[in-house]
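Single-letter residue listing:
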Amino acid sequence: MKCPFCGHEETGVADTRVSDEGDIVRRRRKCAACEKRFTTYERAEIQLPQVVKKNGSRIEFSRAKLRASLDLALRKRPVSTELVDAAIIAIEEKLLSAGLREVLSQQLGELVMAELKKLDKVAYIRFASVYRNFEDIDAFSRAIKEVSPGTRKK
């Protein structure tokens, strides 16, 4: 690896450590020429599918947009950041395991709703009311009955 200080081509690895999660390798390197030390990080590059929007346009999957959607639905709800992070990871894993190069925004929305349903029923209804664009009170009522205790989907 090239030294970021002097540009010399030869650097040696002084120390290697794996992160607690096991997904990142941290390497301390030392330049053979100037003897300065620097750190590099290695992580697996994953390719999430592109999202095909309702109008047919395609955009890159954005973890930030996914988090913003979840955060908006969960606003002022008693759900920890760790649980939101786990939901995001679960959605990304489902997208990766599908092995698709593209995913419809509707499919992504359904994955989000499934995770919200597990996390918080109120957040699920909030998201569903916008996502499904309820046209009348009956559609809204059916969604509430779907998550209410003691009621079952038939």
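Our subject is the structure that appears above.
Residues numbered from 1 in each chain as written. Predicted model: local features only at pLDDT ≥ 70, side-chain atom pairs only at ≥ 80, totals over all residues. Heavy atoms only, no water.

**Student:** Quick one: what's the story with the sheet that holds strand β2 (residues 24-31), residue by residue and with numbers?
**Tutor:** What the three strands build is an open sheet, ordered β1-β2-β3; its pairing is antiparallel. Every interior strand has two partners, whereas the edge strands, β1 (11-18) and β3 (37-43), have only one. Direction aside, neighbouring strands of the sheet carry axes that sit 25° apart on average. The pairing of β2 with β3 spans seven bridges and is antiparallel. When the sheet's bridge partners are listed, Ile24 is paired in β3 with Arg43. (Pairing = 2+ DSSP bridges. Helix = DSSP H or I, 4+ residues; strand = E, 2+ residues; numbered from the N terminus. Axes fitted to C-alpha atoms, helices over the stretch in contact; angles between N-to-C directions.)

**Student:** Account for the sheet that holds strand β5 (residues 58-59), naming residues and giving values.
**Tutor:** Working definition: the strands of a sheet are paired by backbone hydrogen bonds and lie parallel or antiparallel to each other. Here three strands make up an open sheet; going across it, the order is β5-β4-β6 and the pairing mixed. The open sheet has two edge strands with one neighbour each: β5 and β6 (102-104).

**Student:** I'd like a rundown of helix α3 (residues 105-119), residues and numbers included.
**Tutor:** The terminal C-alpha atoms of α3 lie 21 Å apart, and with 15 residues this matches the ideal 21 Å at 1.5 Å per residue to within 8%. Within the span of α3, buried status applies to Ser105, Leu108, Gly109, Val112, Met113, Glu115 and Leu116. Looking straight down α3, one finds its buried side chains confined to an arc of 165°; they lie on one side. Looking at the buried positions of α3, the neighbouring elements they touch are β4 (50-52), α1 (63-73), α2 (81-98), β6 and α4 (121-131). (Expected span 1.5 Å × (residues − 1). Buried < 20%, exposed > 50% of the residue type's maximum accessible area, 1.4 Å probe, protein only. Arc of directions from axis to C-beta. Contact = heavy atoms within 4.5 Å.)

**Student:** Tell me about the packing of α2 against α3, and please be specific about residues and values.
**Tutor:** Contact pair α2 / α3: the axes reach a minimum separation of 10 Å and the direction vectors enclose 145°. When you trace α2 past α3, the crossing you get is right-handed. Contact with α2, carried on its side by Leu83, Ala87, Ala90, Ile91, Lys94 and Leu95, involves Leu108, Leu111, Val112, Glu115, Lys118 and Leu119 of α3 and no other residues of that element. Of the residues assigned to the contact of α2 with α3, the class counts are nine nonpolar, no polar and three charged. (Left-handed = near helix turned anticlockwise from the far one by under 90°. Nonpolar A, V, L, I, M, F, W, Y, C, P; charged D, E, K, R; others polar.)

**Student:** Provide a residue-level description of the layout of surface pockets, including the pertinent values.
**Tutor:** Taken as a whole, the largest pocket spans an internal volume of roughly 630 Å³. Around the largest pocket sit 22 residues that line it, and Lys65, Ser69, Leu108, Phe127 and Tyr131 are the ones nearest its centre. Going through the elements one at a time, α1, α3 and α4 are the ones with two or more residues in the lining of the largest pocket. Looking at the lining of the largest pocket element by element, the count peaks at six residues for α1. Taken together, the residues of the lining of the largest pocket break down into 12 nonpolar, five polar and five charged. The computed volume of the second largest pocket comes to approximately 230 Å³. Lining the second largest pocket are Asp23, Ile24, Arg43, Ala44, Glu45 and Ile46. Its residues assigned to classes, the lining of the second largest pocket shows three nonpolar, no polar and three charged. (1 Å grid on protein atoms, 1.4 Å probe; cavity = no way out; pocket = protein on both sides within 12 Å on 5 of 7 lines; lining within 4 Å. Points joined across faces, edges and corners; volume = space filled by probe spheres on them.)

**Student:** Run through the state of the cysteines, naming residues and quoting values.
**Tutor:** Linking two cysteines covalently via their sulfur atoms produces the bond known as a disulfide. One pass over the structure, following the stated rule, counts zero disulfides. No disulfide involves Cys6; its nearest neighbouring cysteine sulfur is the one of Cys31, lying 3.5 Å away. Residue Cys31 is classed as buried on the basis of its relative accessible area, which comes to 2%. (Disulfide = S-S within 2.5 Å.)

**Student:** So what about the nonpolar core? Which residues, and what values?
**Tutor:** If you look at the biggest cluster of nonpolar residues, it comprises 24 residues, and the most contacted ones within it are Phe61, Leu66, Leu70, Leu74, Leu95, Val112 and Leu116. Secondary-structure elements contributing two or more residues to this core are α1, α2, α3, α4 and α5 (137-147). Per-element accounting of this core gives the leading share, five residues, to α4. Those residues in contact with Phe61 that sit more than four places away from it in its chain are Leu48, Pro49, Val51, Leu66, Glu92, Leu95 and Leu108. (Core = buried A, V, L, I, M, F, W, Y, C linked by side-chain atoms within 4.5 Å.)

These values are about where atoms sit, not about what they do.
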